[in-house]
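Take a look at the letters that make up each chain.
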Amino acid sequence: MNKNRYKFISDLCLWSLATPIAYLLSLEGVVQNAGDILIVTLILLPFKAGIIQYMGYHTRSWHKVGIRDLFMLIAGTGLISLFSVIWSIGASGILFLPLNVPFIEGLLALSTLGFIRLVCRVSHERKGEKLHRSNGDTKRILIAGAGEAGTMLAREMLRHPESGLNPVGYLDDHKAGNSRLLVGIPVLGDLEDLPRVVRNYSIDEVLIAMPSESGEVIRNMATLARDAKIRHRIMPPLHELINGKIAISQIRDVDVEDLLRRKPVQLDISSISEYLNDRVVLVTGAGGSIGSEIIRQIAIFHPKHVVLLGRGENSIYTFQQEILQSFPDLAHSTIINDVKDYDSLRRTFEKYRPDVVFHSAAHKHVPLMEANPEQAIYNNVGGTRNVSNLCLEFGVDHFVNISSDKAVNPTSIMGASKRACEHVVRSAASKCTGNQRFVSVRFGNVLGSRGSVIPLFKDQIKRGGPITITHPDMTRYFMTIPEASRLVLQAGGQAENGMVYILDMGEPVKITDLAKDLIVLSGLQPDIDIEIKFKGIRPGEKLFEELLTAEEGTNATHHEKIFSARKNGFENEQFDYLLENLFTAAGSNNRQAINEALQAIIPSYLKKQGKRKVG
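No experiment lies behind these values; they were computed from the predicted model shown.

## Looking at the packing of aromatic side chains
So, point 1. On inspection of all chains with the given rule, the structure shows 3 aromatic pairs.
So, point 2. Ring geometry for Phe-47 versus Phe-83: centroids 4.9 Å apart, planes at 35°, classification tilted. Residue Phe-47 is found in helix H2 (residues 34-55), and its partner Phe-83 is found in helix H3 (residues 67-90); the two are separated by 36 residues along the sequence.
So, point 3. Its relative accessible area of 32% is what places Phe-83 among the partly exposed residues.
So, point 4. Measuring from ring centre to ring centre gives 6.0 Å for Phe-349 and Phe-394, while their planes differ by 40°; the resulting arrangement is tilted. Residue Phe-349 is found in helix H11 (residues 342-352), and its partner Phe-394 is found in the loop between helix H13 (373-393) and strand E11 (398-404); the two are separated by 45 residues along the sequence. Each member of the pair, Phe-349 together with Phe-394, is buried.

Here it is in structure tokens:
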């Protein structure tokens, strides 16, 4: 508090002193009308104090002064100068105030206030450099990447000597740049020179600061660091860092996007903003990985109101706290409700009258649903029927159901339940009126979501292994949580009612390769530091997943990475009757009856495994 008071007084004194000095410079050192000079100085004093207080000049760190602080100084001093110019023109007969004095004073104030801040910053950084050199426990850091991210990272380390990180140099992929000094730190070689630079400069750790590069480049740098027997960490994407500021604590060990063997899918903003802007949006499963990310993405499109609906009170509460902090202007309501509870769900629709609904609430764990098949029917199929029927009743414009690649030629209860959900949505779509659009979106495996393999593998690596995989040849399509959410929003903006939309996720990835990449990116070696063990395929699992059935085929959409299934294998006749049979079978808790009821709706169910007789 005292430090801020001293800074306030310092700024006010220097800024006030600029007024008489401006007079002296304007009058070429000849003192005249001293009384007027004093009066002008005193009149401007409270205005300058108000600007300092309002702009918060005294509360900002002078050790970390940057471009934004300079702009604020220009704004404040410019405002006072403008006021003085107007005063000079309008009150020229009352007080002696030459027209050039406000301009001179503004330049003096800006130069003086800016200079003392620059001196503080340079002094702090030099002190940091000396501390780095004198501290024997300091780590010598090599930064891979000499772009904006790398230089920001180096500057942050210099500002924070207490972090114990001393930036020794950069590696850069532009050969012409190897003689440069950036923030006073040299570029020591190309990216491929990492082993030589580590050896010649006694490097203790490599920080990979290339947030815009592909996962392949990051994996290559991680492999080079591993071969050089040097610890490495990875800097997160700049868009994830608040206000573009990098903190040492935000350097991460590994991110799921590093494991994605393709470019992430981006948003087509124009088609999304049209149907989300100023609309009431309801998201089921709002506390889950996908539901919560959908809401984060929705927030930037300025919805009128967002309804967070979920049955897990802890996850909904935790996410609501995040919204209050990250999106304070987002109008929202939280509803603890189960999608199986039709009456409570209807009251929610009646109260909020949503225009857009994203349905992400579902049971998704394959082995757990194999052990509890009736719950997959009640929650996944029954919940989807409840939500879609209410969307029809209350005239919802856009309804997007989240499905899974496990719904294609399903061999598990979970996959079959999601295929049945697609049929439920398609049936509801056939009853739509006007401009209503009811669609499903077929996902691959979502990297980093709750229950996915990545958190499990990370935990196993932390414990020293082994990583457990069901089968060496098992492959899956993968996408990140943000990608999955973008696909949902994008699909909601597509024009065709009743469609099943599919993301182009590139080639499927072997789970074994994914595990090896994660081990390498963690700075370890597969089968040396971390063992990989195979434990056999679990009930309901397939070696590989598919995005389409053989008869479906695809049509292109307006988005290059999204396709629609031409034929969904759905017959509307007798569907309601078959659905009631399914719920009756679930009520009997008879696995064989459930299987037969599902096969009546989905003829391909279990065909790839043959009928399993489970009592």
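There is more to say after this.
## Here we look at the sheet that holds strand E3 (residues 181-182)
By definition, the strands of a sheet pair up through backbone hydrogen bonds, in either a parallel or an antiparallel sense.
So, point 1. Here we have 6 strands laid out as an open sheet, ordered E3-E4-E2-E1-E5-E6, and mixed in their pairing. Every other strand in the sheet has two partners, leaving E3 and strand E6 (231-234) as the edge strands with one partner each.
So, point 2. Relative to strand E4 (residues 185-189), strand E2 (residues 165-171) runs parallel, the two being bridged by 2 bridges. Bridge pairing in E4 places Tyr-170 opposite Val-187.

## Brief notes about the pairing of strand E8 (residues 305-310)
On a regular strand, one side chain projects to one face of the sheet and the next to the other, so that they alternate.
So, point 1. Within E8, 6 of the 6 residues are buried, which leaves it mostly tucked inside the rest of the structure.
So, point 2. The two faces of E8 match: His-305, Val-307 and Leu-309 on one face and Val-306, Leu-308 and Gly-310 on the other face are all buried.
So, point 3. Bridge analysis of strand E7 (residues 280-284) against E8 gives 5 bridges, and the strand direction is parallel. For Thr-284, the partnering residue across the bridge sits in E8 and is Leu-309.
So, point 4. For the crossover that starts at E7, traverses helix H9 (residues 289-299) and ends in the parallel E8, the hand is right-handed.

## Some points on the packing of H11 against H13
So, point 1. With their axes 10 Å apart at the nearest point, H11 and H13 run at an angle of 35° to one another. Crossing hand, H11 versus H13: right-handed. Here H11 contributes Tyr-342, Leu-345, Arg-346 and Phe-349 to the contact with H13, which in turn contributes Asn-386, Val-387, Leu-390, Cys-391 and Glu-393.
So, point 2. When its residues are assigned to classes, the contact of H11 with H13 shows 6 nonpolar, 1 polar and 2 charged.

## Here we look at the environment of Pro-466
So, point 1. Within the secondary structure, Pro-466 is located in the loop between helix H15 (453-462) and strand E14 (467-469).
So, point 2. By relative accessible area, Pro-466 is classed as partly exposed at 27%.
So, point 3. Taking C-alpha positions, Pro-466 is 8.8 Å from Asp-527, a pair spaced 61 residues apart along the chain.
So, point 4. Filtering out sequence-adjacent residues up to four positions away, Pro-466 remains in contact with Gln-460, Glu-531 and Lys-533.

## Some details on the environment of Leu-579
So, point 1. Inspection of the secondary structure assignment puts Leu-579 in helix H18 (residues 575-588).
So, point 2. Residue Leu-579 is classed as buried on the basis of its relative accessible area, which comes to 3%.
So, point 3. Spatially, the C-alpha atom of Leu-579 lies 8.7 Å from that of Val-424, the residues being 155 residues apart in sequence.
So, point 4. Leu-579 has contacts with Val-381, Arg-385, Val-424 and Ile-601, leaving out every residue within four places of it along the chain.

## As for H9
So, point 1. Of all the 11 residues making up H9, 10 are buried; the element is thus mostly covered by neighbouring parts of the structure.
So, point 2. Among the residues of H9, Ser-289, Ile-290, Gly-291, Ser-292, Glu-293, Ile-294, Ile-295, Gln-297, Ile-298 and Ala-299 are the ones counted as buried.

## Digging into the environment of Asn-380
So, point 1. Along the chain, the position of Asn-380 falls in helix H13.
So, point 2. Taking the relative accessible area as the measure of exposure, Asn-380 reaches 0% and is therefore buried.
So, point 3. A distance of 2.7 Å separates a polar side-chain atom of Asn-380 from the backbone nitrogen of His-363.
So, point 4. A distance of 3.4 Å separates the side chain of Asn-380 from the side chain of Asn-379, its partner in a polar contact.

## Overview of the pairing of E11
So, point 1. Extensive coverage of E11 is indicated by the burial of 7 of its 7 residues.
So, point 2. Burial of E11 is two-sided: the residues His-398, Val-400, Ile-402 and Ser-404 facing one way and the residues Phe-399, Asn-401 and Ser-403 facing the other way are all buried.
So, point 3. In this structure, E11 lies alongside strand E12 (residues 437-443), joined through 7 bridges in parallel fashion. Residue Phe-399 lies in a different strand from E12, and its bridge partner there is Phe-438.
So, point 4. With helix H14 (residues 413-429) bridging E11 and its parallel neighbour E12, the resulting β-α-β unit is right-handed.

## Considering the pattern of salt bridges
So, point 1. Summed over all chains, the structure comprises 18 salt bridges.
So, point 2. Among the ionic pairs, Arg-279 bridges to Asp-355, the shortest N-O distance being 3.7 Å. With Arg-279 in the loop between helix H8 (269-276) and E7 and Asp-355 in the loop between H11 and strand E10 (356-359), this pair connects stretches of sequence that are 76 residues apart.
So, point 3. Across the pair Glu-422 and Arg-419 runs a salt bridge, and its minimum N-O distance is 3.7 Å. Remark: Arg-419 and Glu-422 occur in helix H14; sequence separation between them is 3 residues, near one turn of the helix.

## Some thoughts on the nonpolar core
So, point 1. Leu-276, Ile-294, Ile-295, Ile-298, Phe-358 and Leu-489 are the most contacted members of the largest nonpolar core, which totals 33 residues.
So, point 2. Counting 24 residues, the second-largest nonpolar core is a separate cluster that includes Ile-413, Ala-420, Leu-579 and Tyr-605.

Cut-offs applied
Residues numbered from 1 in each chain as written. Predicted model: local features only at pLDDT ≥ 70, side-chain atom pairs only at ≥ 80, totals over all residues. Heavy atoms only, no water. Phe/Tyr/Trp six-rings, centres within 6.5 Å; stacked < 30°, edge-to-face > 60°. Helix = DSSP H or I, 4+ residues; strand = E, 2+ residues; numbered from the N terminus. Buried < 20%, exposed > 50% of the residue type's maximum accessible area, 1.4 Å probe, protein only. Pairing = 2+ DSSP bridges. Right-handed = clockwise from strand over helix to strand, strands pointing away. Axes fitted to C-alpha atoms, helices over the stretch in contact; angles between N-to-C directions. Left-handed = near helix turned anticlockwise from the far one by under 90°. Contact = heavy atoms within 4.5 Å. Nonpolar A, V, L, I, M, F, W, Y, C, P; charged D, E, K, R; others polar. Polar contact = N/O pair within 3.5 Å; in protein donor to acceptor, adjacent residues only side chain to side chain. Salt bridge = Lys/Arg side-chain N within 4 Å of Asp/Glu carboxyl O. Core = buried A, V, L, I, M, F, W, Y, C linked by side-chain atoms within 4.5 Å.

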